[in-house]
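So the chains spell out like this:
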Amino acid sequence: MNSQARLDKRPIPFIDVAAQRRHLGRAVDEAVGRVLAHCQFINGPEVHALEAELAAFCGARHAIGCSNGTDALRLVLMAWGIGSGDAVVCPAFTFCATAEVVALAGATPVFADVLPDTFNLDPASCERAVATAKRAGLKPRAVIPVDLFGLPADHGAIAAIAAAHDLKVLDDAAQSFGATYRGRKLGTLGTATATSFFPAKPLGCYGDGGAIFTDDDDLAARIRSLRVHGESLNDKYDAQHIGITGRLDTVQAAILLEKLKIFPKEIAARNAVAQRYAAGLADVATVPSVDNDATSVWAQYTIRLAPGRRDGLAAALKREGIPTAVYYAKPLNRQAAYRRFPIADGGLPVSERLSGEVISLPMHPYLEPPVQDHIIAAVHRVLA
Ligand SMILES: *Cc1c(COP(=O)(O)O)cnc(C)c1O
């Protein structure tokens, strides 16, 4: 199929949830049907089955389903008792939820810069952010590295900084469940890890959902309580903590159990798509780099362009029916709600620069080679 023939077909989706649905056949419908039959909509057997499967998948001791990725992050900070007077280091180049949970806890996010090649937390800037926090009279308690666009952060370097400053590591793996760092799956790298099952994430459900991973038994028990209004172990109506409604619905767990079965194949397919993009685009744009320490699940395929080229490319691709997105056009320190928080000594020059250069192309496991060739050719026509 040449690109002209392709143009006669339906518009190209940025993330093709419908193609995945066709691929899953009746499995999801039947799984939902089983929940509708047993009616245990809250905390049903599928929630427990999913938690066991997720823990086995990534090798964590505990997996705790919860309402969404933001609550997953938030529940961990709550369990650690992080609040007023505390500082938590976050990258500036991420989705706002990473810092939002820190502010919601009453603590202060301190923004650190990212690395230009991986888009992930720069360990040197993280170290400077700890110093910045101390100078501001705050107590640095934790760091939230984000594994952006599906690629693990430099967890070795971050763990060393955390150990030196007695910080807890909350890994924001909302975009990256299934990725590996030095042979280990995310979920096992931080003191705790949070992920999201928002439909557009690599492992998505059909609504909101999330999970927390940890090897720490006490932390897991506390989070399980906080997830249900801080209930005590043996008396639901004797609250031990101030908690939230943070559970994962049984219907979503049932859907995720089916999706988890095809997830390894989907990760392989995402990697094939990424390789094809890299081969086709490296001569006209800066394509993402993955070093030997890590594998990505490619939540996004994000390229960098010379300054001033992005709007033209987005408009030209749009005319050809090819959607693009910009993650993220403003680093958090430039967003109204987050402007007042401190930034690491040395500033955030990479985050500032990336926000003007990045653009993400359609990426999902069902992106067929002819469609991808059409996208690559269209990018070439603009940039070559
Ligand atoms: C999506 C996302 C979240 C939040 O997940 P939700 O399930 O939407 O609450 C947090 N952090 C990052 C980096 C994300 O991309």
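Since we're looking at a predicted model, the values are computed, not measured. (Residues numbered from 1 in each chain as written. Predicted model: local features only at pLDDT ≥ 70, side-chain atom pairs only at ≥ 80, totals over all residues. Heavy atoms only, no water.)

Caption draft 1: Representation of the overall build of the protein in the model. Scanning the protein from N- to C-terminus turns up 13 helices and twelve strands. Summarising its shape, the C-alpha atoms of the protein cover approximately 65 × 60 × 35 Å along the three principal directions. Relative to its 384 residues, the protein shows a buried fraction of 55%. When the accessible surface of the protein is totalled, it reaches about 15800 Å², and 53% of it is carbon and sulfur. Each charge class in the protein was averaged separately, 40 positive and 40 negative side chains, and the resulting centres sit 4 Å apart. (Helix = DSSP H or I, 4+ residues; strand = E, 2+ residues; numbered from the N terminus. Buried < 20%, exposed > 50% of the residue type's maximum accessible area, 1.4 Å probe, protein only. Areas by Shrake-Rupley, 256 points an atom, 1.4 Å probe, with all protein chains shown as cover. Lys, Arg positive; Asp, Glu negative; His and termini not counted. Charge placed at Lys NZ, Arg CZ, Asp CG, Glu CD.)

Caption draft 2: Spatial organisation of empty space enclosed by the protein. Scanning the model with the defined rule gives two cavities of 30 Å³ or more in all. Empty space within the largest cavity amounts to approximately 110 Å³. Forming the walls of the largest cavity are 15 residues, and the residues nearest its centre are Ile-15, Gln-20, Pro-199, Lys-201 and Arg-270. If one sorts the elements of the lining of the largest cavity by residue count, helix H10 (residues 250-281) sits on top with three residues. Broken down by class, the residue content of the lining of the largest cavity amounts to seven nonpolar, three polar and five charged. A domain split of the lining of the largest cavity shows at least three residues from each of domain 1 (3-10 + 263-383) and domain 2 (23-258). (1 Å grid on protein atoms, 1.4 Å probe; cavity = no way out; pocket = protein on both sides within 12 Å on 5 of 7 lines; lining within 4 Å. Points joined across faces, edges and corners; volume = space filled by probe spheres on them. Nonpolar A, V, L, I, M, F, W, Y, C, P; charged D, E, K, R; others polar. Domains from an automatic or database assignment.)

Caption draft 3: Just the domain arrangement of the protein, in detail. We note that the domain assignment places domain 1 (3-10 + 263-383) and domain 2 (23-258) within the protein. For domain 1 versus domain 2, the distance between C-alpha centres works out to 25 Å. Each partner contributes residues to the interface: domain 1 has 40 residues there, and domain 2 has 43 residues. When the two sides are added together, the surface that domain 1 and domain 2 hide from each other amounts to roughly 3500 Å², 64% of it contributed by carbon and sulfur. For the domain 1 face of the interface with domain 2, the top three residues by lost area are Tyr-328, Leu-332 and Asp-345, together amounting to 19%. Connecting domain 1 to domain 2 are two salt bridges. Arg-182 is the salt-bridge partner of Asp-293, the closest N and O atoms lying 3.3 Å from each other. (Contact = heavy atoms within 4.5 Å. Buried area = accessible area lost by both parts, 1.4 Å probe. Salt bridge = Lys/Arg side-chain N within 4 Å of Asp/Glu carboxyl O.)

Caption draft 4: The sheet that holds strand S10 (residues 294-295), seen in detail. Strand order across the open sheet formed by three strands is S7-S6-S10, with antiparallel pairing between neighbours. The sheet is open, and its two borders are formed by strand S7 (184-185) and S10, each paired with just one other strand. By the bridge criterion, two bridges tie strand S6 (residues 180-181) to S7 in an arrangement that is antiparallel. Pairing of Tyr-181 across the sheet is with Arg-184, part of S7. (Pairing = 2+ DSSP bridges.)

Caption draft 5: Focus on helix H12 (residues 349-357). By the burial criterion, the buried members of H12 are Val-350, Ser-351, Leu-354, Ser-355 and Glu-357. Buried-residue contacts for H12 involve strand S3 (108-112), strand S11 (301-304), helix H11 (310-319) and strand S12 (358-361).

Caption draft 6: Structural view of the site of the ligand. Taken together, the neighbourhood of the ligand is formed by 13 residues, with Gly-69, Thr-70, Gln-175, Ser-196 and Lys-201 sitting nearest. Between the ligand and Thr-70, the relevant distance is 2.5 Å, taken from an oxygen atom to a side-chain nitrogen or oxygen of the residue. Take Ser-196: an N or O atom from its side chain is 2.7 Å from an oxygen atom of the ligand. Here the ligand loses 91% of its free accessible area of 380 Å² to cover by the protein chains. Most atoms of the ligand, that is more than half of them, are within 2 Å of grid points of the largest pocket. Elements that contribute at least two residues to the shell around the ligand include exactly helix H5 (69-79) and helix H6 (97-104). For the shell around the ligand, the residue count by class is four nonpolar, seven polar and two charged. (Near = heavy atom within 4 Å. Polar contact = N/O pair within 3.5 Å; in protein donor to acceptor, adjacent residues only side chain to side chain. Sits in = over half its atoms within 2 Å of the grid points.)

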